[in-house]
Structures are given as C-alpha cells and as structure tokens.
Amino acid sequence: MAEELGRVKQNQCILILPETSLSAQDTENGQNFYQIRHPKTGESCLFMISNGGTRLHEVIKFDESYRSWFIGNHVQQDGGLYLVTPMDPIFLLLPYLQKSLKDNRSVPLEDILTDSTYSDLYRIKNCLGMEQLDLIADTRGVDDDLMAYRYNQEKTLTWLKTKVRRLADNLKKRRFIIDSGQSDVFIKSMKQNESNIEEYLLYSHGIISDYLPDDLSQKLKDYMGLKDPEIECPTPVKLQEESNEEPPLKKLKMEKENGPKEDYSQQLPKDAKKTNMKQSRAQKKLNQVDTKGMKSLTNFFSPKSK
C-alpha cells in the first residue's frame, strides 16, 4: 500500500491554468493529456483536452535541473512547472488538411485526422466546429455526418491575417514592449518608446508562425506585405585618395624629426635650474649641513688606484 501511495504521489505535477479551462465534469473526472504532433516542428507535444473533450490546451513545461516540489508531506521529484494555455485546434488541423490537398479531392474529417504515430489526433474532432472549418476549407456535404473538406489557401491566409492583426492591436493597446533595447531604457517617455503598427504586425506574425509550417509562414508574410527590418551596416571607411601628401601619422612623425634637436634648457644658468626645482623639507635640511672635509659617496665605489 505504501509503495502504491508513493507511486501515485510521484505522478503528480504542478499546473498553472485559467479557471475557465475547467468544468465541473473535469473536476470530477480529471483532465486528459495526449501526445500530438506539433504543427510547426512535427515533434511530439503535450496537449490537454477539457470541458468534456471540447476545449484544447497547449501544455508547456518549464524545467530546471536539481529542482523538486514539496507537496504536503511529500517531495515531488518532478520539479517542472506546467503552463496550460488555450489553443485554437485549427492550427493542429492545418498540416493534415494541407497534405490532403495532394489528392485534389474533398476528404472527410475522420480521414484528415489520421496519424499512425499519434493515434490520439482524432480526439480534437469535438473541439472543431463547422464554422471553424469553413474558415480554412471548402466544405461539401448535406449534414455534419456527410461533410467533406478541401484546403483553401486564400481562406487560410485571410483567417491568419485576421489573427495577426488582432494580436498586434492587442499588444499595441497594452503598450507591450517588443524591442529588447526599449526595456533597458523604459524610463524614457512613452512617445519615444512606442513602436509603430508595422513593428507590432511583424512581431505578431512571429508569434503566430510558431504554430505554422515554414512555407505557410512565409506565404502569410508575403500576403500581408511584411518585410524584415533593415539592418544598418556601418559606413565603410573611404579609401584615402591618391596624393603626394603623407598620411597624418607619418606627417606628424616627420614634423617631430625635423623639429629642433638642441636642448635650449642646457643653456640656462645653474641657479635658474635650481630655483625652478621644488625641494622637499629633507632636501633643504641636507643643504644646510656643513660638508667640508667629507668625501662624496661615489668615492667609495670608484676603482682603487694600482
């Protein structure tokens, strides 16, 4: 029993998610987590489906080495922090819908949501509605049970463009700082730090592109007429024009060589040199000592006469 309890405790994790993501049914039965292919990278990614299987969430894990949680009287070995955010299920559907276009025919949703590696992909079906599918595909059929879908690139780009613009407007409204350099000088006036709408659109395009295949991301950028900011290159140093003049450094050196070579200070009287030199108190006392009959210190180090 103790081993089973310890095993249950180790299966716990810390989640941060909005309250609206949970319903009474989820509180009783718990949430369902599934590994599904990420729409951009194609790698395995963790997703949560709640509200009776009708709401999709992305689960992002923030992890650090040598970190654990204290939960009650137990230590949770997994010290990761899981952030759960709502996600539009159309992003997961898009890569599969694009692949179905190769057959040049409309395909039922059950056939589109088929992945031999990630068998839980079909579970997002209840998260998708007719209105959502009509935003990116042409629909054919009589009712929901007999509907078929065909990828429409024009509709998809229009839908994605709306997504980018809404996100950009929201970021601008909140005065979200999109330039890392601005955060260092945030004390400056807001007028000076505010970015224009083009910069917000480009930044929002980058966020949306995190859930798009690379080719579709580039098509969206071209469709919106967005361009990467130009990088200012340093002004190239102009080559010195050919002339008979010497370079500045060499010219300065030659002036020094052609300058006066005589030391005119040697012509000053000895008394003038002494008066210009500042003497310390000890030196003044030494000058007052009577040195008659004393030998110079250098005499002790001179060679002896043979």
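Quick summary incoming for the structure in this document. Since the model is a prediction, treat every value here as computed from it, not as a measurement. (Residues numbered from 1 in each chain as written. Predicted model: local features only at pLDDT ≥ 70, side-chain atom pairs only at ≥ 80, totals over all residues. Heavy atoms only, no water.)

### Digging into the nonpolar core
Inference 1: Formed by 44 residues in total, the largest nonpolar core has its most connected members in Leu 93, Leu 94, Ile 124, Ile 136, Tyr 149, Leu 160 and Leu 212.
Inference 2: Elements represented by at least two residues in this core include exactly β2 (32-37), β3 (44-50), α3 (90-100), α4 (109-112), β10 (148-151), α6 (153-173), α9 (197-209) and α10 (214-224).
Inference 3: Sorting elements by how many residues they give to this core places α3 first, with seven residues. (Core = buried A, V, L, I, M, F, W, Y, C linked by side-chain atoms within 4.5 Å. Buried < 20%, exposed > 50% of the residue type's maximum accessible area, 1.4 Å probe, protein only. Helix = DSSP H or I, 4+ residues; strand = E, 2+ residues; numbered from the N terminus.)

### Description of the pattern of salt bridges
When the charged atoms of two side chains with opposite charge come close together, those side chains can pair.
Inference 1: Inspection of every chain in the model, using the stated rule, returns eleven salt bridges.
Inference 2: Of the charged contacts in the structure, one is a salt bridge between Lys 61 and Asp 78, with a shortest N-O distance of 3.4 Å. One end of the pair, Lys 61, is in strand β4 (residues 55-62); the other, Asp 78, is in the loop between β6 (74-76) and β7 (81-86), and 17 residues separate them in sequence.
Inference 3: Since its relative accessible area comes to 38%, Lys 61 is described here as partly exposed.
Inference 4: Take Asp 78: its relative accessible area is 22%, and that puts it in the partly exposed class.
Inference 5: Here Lys 155 ties to Asp 134 by a salt bridge, and the two come within 3.6 Å at their closest N and O atoms. With Lys 155 in helix α6 and Asp 134 in the loop between α5 (130-133) and β9 (137-140), this pair connects stretches of sequence that are 21 residues apart.
Inference 6: Lys 155 sits in the partly exposed class, given a relative accessible area of 28%. (Salt bridge = Lys/Arg side-chain N within 4 Å of Asp/Glu carboxyl O.)

### Some words on the sheet that holds β9
Inference 1: Here we have three strands laid out as an open sheet, ordered β8-β10-β9, and antiparallel in their pairing. In the strand order of this sheet, the two ends are held by β8 (107-108) and β9, each with one partner.
Inference 2: Pairing analysis gives two bridges linking β8 to β10, with the strands arranged antiparallel. From the neighbouring strand, Pro 108 faces β10, where its bridge partner is Ala 148.
Inference 3: The sheet contacts of α3 involve β8, β9 and β10, and relative to β10 the element is tilted by about 90°. (Pairing = 2+ DSSP bridges. Contact = heavy atoms within 4.5 Å. Axes fitted to C-alpha atoms, helices over the stretch in contact; angles between N-to-C directions.)

### Considerations on the environment of Gly 42
Inference 1: Within the element layout of this structure, Gly 42 appears in the loop between β2 and β3.
Inference 2: Taking the C-alpha atoms as reference points, Gly 42 and Pro 213, 171 residues apart in sequence, are found 8.9 Å from one another.
Inference 3: Non-local contacts of Gly 42, meaning those with residues more than four positions away in its chain, are made with Arg 37 and Tyr 118.

### Describing α6
Residues spaced three or four apart along an α-helix point in a common direction, a consequence of the helix completing one turn every 3.6 residues.
Inference 1: Taking 1.5 Å per residue, 21 residues should reach 30 Å; α6 reaches 30 Å between its end C-alpha atoms and fits that length.
Inference 2: Buried within α6 are the following residues: Thr 156, Leu 157, Trp 159, Leu 160, Val 164, Ala 168 and Leu 171.
Inference 3: In this fold, the buried residues of α6 make contact with α3, β10, α9 and α10.
Inference 4: The opening residue of α6 is Asn 152, an N-cap whose side-chain oxygen sits 3.0 Å from the backbone nitrogen of Glu 154.
Inference 5: Immediately downstream of α6, the backbone of Arg 175 shows phi near 55°, a positive value. (Expected span 1.5 Å × (residues − 1). Polar contact = N/O pair within 3.5 Å; in protein donor to acceptor, adjacent residues only side chain to side chain.)

### Observations regarding the sheet that holds strand β1 (residues 14-16)
Inference 1: Taking strand neighbours across the sheet as the criterion, the five strands line up as β1-β7-β4-β3-β2 in an open arrangement whose pairing is mixed. Looking at which strands have only one partner, the edges of the open sheet turn out to be β1 and β2. Mean inter-strand twist for the sheet, computed between neighbouring axes without regard to direction, equals 35°.
Inference 2: With three bridges connecting them, β1 and β7 associate as parallel partners. Each residue of the ladder has a partner; that of Leu 15, found in β7, is Tyr 82.

### Some thoughts on α10
Inference 1: Listing the buried residues of α10 in full gives Leu 216, Ser 217, Leu 220, Lys 221 and Met 224. For α10, the arc enclosing every buried residue in end-on projection is 140°, short of the 170-degree limit, so these residues lie on one face. Among the exposed residues of α10, those pointing more than 90 degrees away from its buried face are Asp 214 and Asp 222.
Inference 2: Buried-residue contacts for α10 involve α3, β10, α6 and α9.
Inference 3: Just beyond α10, the residue with positive phi is Gly 225, at close to 70°. (Arc of directions from axis to C-beta.)

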